[in-house]
Amino acid sequence: MILSWYLLFCRLSAIGLFAIFGWIGATWSAPITFNTALPVAEGTFVAREQFVINQSGNDPSGAARDRTAWAAVSVLGYGVNNDLALFGIVPYVNKQLKLTTGGARVSRRADGLGDSKFFGRYTIYKNNFKGGNFRIAPFAGIEVPTGKNKRSDALGRLPASVQSGSGSWDPFGGIVLTYQVLDFQIDAQASYKANTAANGFEFGDVARLDGSFQYRLWPRELSGGVPGFLYGVLEANLIHEDKNHMNGIKDFNSGGTRFFLVPGVQYITKRWIAEVAVQLPVIQDLNGTKLENDFVVRAGFRSNF
Amino acid sequence: MTKILQKTGLTLALMLFAATAFAEPQTYKLQVDGLACPFCAFGIEKKLSEIEGVDQLDTDIKAGVILLTMKDGVLLDETAAKKAVDQAGFTLRGLEQVQTSTQATVENQE
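Given the structure is predicted, the values throughout are model-derived calculations rather than measurements. (Residues numbered from 1 in each chain as written. Chains lettered and ligands numbered in written order. Predicted model: local features only at pLDDT ≥ 70, side-chain atom pairs only at ≥ 80, totals over all residues.)

## Remarks on the overall build of chain A
Under the convention used in this document: Counting from the N terminus, the helices are the DSSP runs of H or I reaching at least four residues and the strands are the DSSP runs of E reaching at least two. We compute the radius of gyration from the C-alpha atoms alone; for a globule the expected value is 2.2 Å times N to the 0.38, where N is the number of residues. Three exposure classes are used, all based on how many other C-beta atoms lie within 10 Å of a residue's own C-beta (placed from the backbone): buried at 20 or more, exposed at 12 or fewer, and partly exposed between those limits. Any pair of residues counts as being in contact when their C-beta atoms, constructed from backbone geometry, are within 7 Å of one another.
The number of helices and strands found in chain A is 2 helices and 20 strands. Against the compact-globule benchmark of 19 Å for 305 residues, chain A has a radius of gyration of 20 Å, which places it among compact chains. For chain A, the residues scored as buried account for 46% of the 305 residues in total. In chain A, 64% of the contacts between residues at least 6 apart in sequence involve partners at least 24 apart.

Here you go:
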């Protein structure tokens, strides 16, 4: 009986952590949901804090699932030299899943430190010109299991998708391109994360294509000095997740492809950035009864020192 | 006699210029390629401020220019400036010394 409930939870609620929190390694005036290739000056630190709220409630399974996950994600970047920058990302997460099963409405939740990411980004091409630049920078790193993944409640072991951490060491990598001029900036990224197994459970691998367009709304004309810039931002995230595996058995109610459009705004000064954006799912082609996203809101602050 | 006085005055002015010009803070105009956002300006200014003798920095992001003023009696090493801009991830396209106010006054008198 307990095993069947556990399997039900796992099947109905498997959610890729990567897709929830996405990429926020970027610490520059740059995309809100993924990286940038802009440089981190040698010996300079950049810090970022982003708050994420992920709401999902469009449930095709009939179990009336309602999931709310929020996170406070801390990022620190350091310029080793003008081409190489190192980043660390540490999240604090809170996840809650409510559903109706066996005639009862149940709630499963967990909070605490999530899995952390550490990666390096290296500029392999740059072209600096008057009033702008173009750069290409591959990156690679690993997500480490700093979050707990064996928590239980009154109903038994929490499903993998509600645990704070995955228990697995997951390598990832990609490449990001940035074209920046005084009036606007364009970023594009391709990335892949290979999830490994822990405690018999393995999230599906995640492949992403991301794009961002940031346009300077104010001031309309520059007249000297370094004024603050107000950017209007429009991003797009195309995310494909492979099916999860439990004890080697493929879960056909997991994985799929989602496409988000992300409108947002940023205010950028010499020393800090404030920003907010909302990820709106435009297309969700998910497998079986996998829960769909309603929206994801991100708000954050960055500073350099 | 008049000519002697004029020459003496000019000599004294030149001596005064030589004495004060070296003590006058020197200002340089750095043309930087790649600079296109406020947050990036911090990195360049931080690296330039680490050069010994730098007193003041004024960045014009639209022009891609940084006016760098040194402390009294200190000259800017162009190699150090180029290295600092490079360490920030950008490119120093040009560097020139900006005419000081004292130089302008003496030239007007002549």
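## Some words on the interface of chain A and chain B
Worth spelling out the cut-off: Under the grouping applied here, Gly and all other residues not named as nonpolar or charged are polar, the nonpolar ones being Ala, Val, Leu, Ile, Met, Phe, Trp, Tyr, Cys and Pro and the charged ones Asp, Glu, Lys and Arg.
On the chain B side, the residues contacting the 30 residues of chain A number 23 residues. When residues of the side of chain A that touches chain B are traced back to their parent elements, those giving at least two are strand E6 (125-129), strand E7 (132-144) and strand E10 (170-181) of chain A. When grouped by side-chain class, the residues that make up the side of chain A that touches chain B number 12 nonpolar, 14 polar and 4 charged.

## As for helix H3 (residues 78-87) of chain B
Residue and element names in this part refer to chain B. Here is the rule: The reported arc concerns the directions from the helix axis to the C-beta atoms and nothing else.
Along H3, the residues classified as buried are Ala 81, Ala 84, Val 85 and Gln 87. One face of H3 carries all of its buried residues, which in axial projection span an arc of 160°. Residues of H3 that are buried make contact with strand E1 (27-33), helix H2 (38-49) and strand E4 (91-98). Within two residues after H3, Gly 89 carries a phi angle of roughly 100°, on the positive side.

## Observations regarding the confidence of the model for chain B
Residue and element names in this part refer to chain B. Going by this rule: pLDDT is defined as a per-residue confidence score from the predictor, taking values between 0 and 100.
With 76% of its residues at a pLDDT of 70 or more, chain B has an overall mean of 84. Confidence drops under pLDDT 50 across residues 104-110; counting only partners more than four residues distant or on other chains, this segment forms 4 contacts. In the model output, the complex is listed with pTM 0.87 alongside ipTM 0.86.

## Here we look at the environment of Asn 237 of chain A
Structurally, Asn 237 of chain A can be placed in strand E15 (residues 229-241). Spatially, the C-alpha atoms of Asn 237 of chain A and Val 262 of chain A are 7.9 Å apart, while their sequence positions differ by 25 residues.

## What about the pairing of strand E14 (residues 206-218) of chain A?
Residues and elements named next belong to chain A. Heads up, the condition is: By definition, two strands form a pair when at least two bridges between them are found by DSSP.
Sheet topology note: the strand E11 (residues 184-193)/E14 ladder contains 10 bridges and is antiparallel. From the neighbouring strand, Ala 188 faces E14, where its bridge partner is Gly 211. Bridge count for E14 against E15 is 12 bridges, and the pairing is antiparallel. Following the sheet pairing, Gly 211 is matched in E15 by Ala 236.

## With respect to the sheet that holds strand E17 (residues 249-250) of chain A
Residue and element names in this part refer to chain A. In spatial order, the strands read E12-E13-E16-E17; together these 4 strands make up an open sheet with antiparallel pairing. Looking at the sheet topology across the chains shown, the edges are occupied by strand E12 (197-198) and E17. In this structure, E12 lies alongside strand E13 (residues 201-202), joined through 2 bridges in antiparallel fashion. Residue pairing for E13: Ala 198 is matched across the bridge by Phe 201.

## Observations regarding the sheet that holds E4 of chain B
All names here are of chain B. In plain terms, the rule: Axes here mean lines fitted to C-alpha atoms, for a helix over just the part in contact, with angles spanning 0 to 180 degrees between N-to-C directions.
Spatial ordering of the open sheet is given by E2-E3-E1-E4, a layout of 4 strands whose pairing is antiparallel. Either end of the sheet is taken by a strand with one partner, and the two such strands are strand E2 (54-60) and E4. The average undirected angle you get between the axes of adjacent strands in this sheet is 20°. Across 7 bridges, the pairing between E1 and E4 is antiparallel. Bridge pairing links Leu 30 to Leu 95 in E4. Set on the sheet, H2 makes contact with E1, E2 and strand E3 (65-70); between it and E2 the angle comes to about 160°.

## Observations regarding unusual backbone geometry
Residue and element names in this part refer to chain A. Note that the residue after Trp 218, namely Pro 219, is joined by a cis bond; omega there is -5°. Its location among the elements puts Pro 219 in the loop between E14 and E15. Not every positive phi belongs to a glycine, and Ala 64 is a case in point at roughly 55°. Turning to its location among the elements, Ala 64 is positioned in the loop between strand E1 (45-56) and strand E2 (66-79). According to the C-beta neighbour criterion, Ala 64 is exposed, with 12 such atoms within 10 Å. The residue Asn 199 is not glycine, and still its phi comes out positive at about 55°. By the secondary structure assignment, Asn 199 is in the loop between E12 and E13.

## Points about the nonpolar core
Where we set the bar: Joined through C-beta atoms within 7 Å, a set of buried Ala, Val, Leu, Ile, Met, Phe, Trp, Tyr and Cys residues constitutes a nonpolar core.
Membership of the largest hydrophobic core comes to 52 residues, with the highest contact counts inside it found for Val 32, Leu 35, Cys 40, Ile 44 and Val 85 of chain B. In terms of residue count, the dominant contributor to this core is H2 of chain B (6 residues).

## Some details on the confidence of the model for chain A
Summary statistics for chain A give a mean pLDDT of 90 and a share of 90% for residues scoring 70 or more. With pLDDT under 50 throughout, residues 1-20 of chain A is counted as low confidence; its partners more than four residues away or in other chains account for 47 contacts.

## Description of the packing of H2 of chain B against H3 of chain B
Residues and elements named next belong to chain B. In plain terms, the rule: In this scheme, a crossing is called left-handed if the near helix is turned counterclockwise away from the far one by less than a right angle; it is called right-handed if the turn is clockwise.
Remark: H2 packs on H3, axes separated minimally by 8 Å, with the N-to-C direction vectors making an angle of 145°. Relative to H3, the crossing made by H2 is right-handed. On H3, the residues touching Ile 44, Lys 47 and Leu 48 of H2 are Ala 81, Ala 84, Val 85 and Gln 87. Classifying every residue of the contact of H2 with H3 by side-chain character gives 5 nonpolar, 1 polar and 1 charged.

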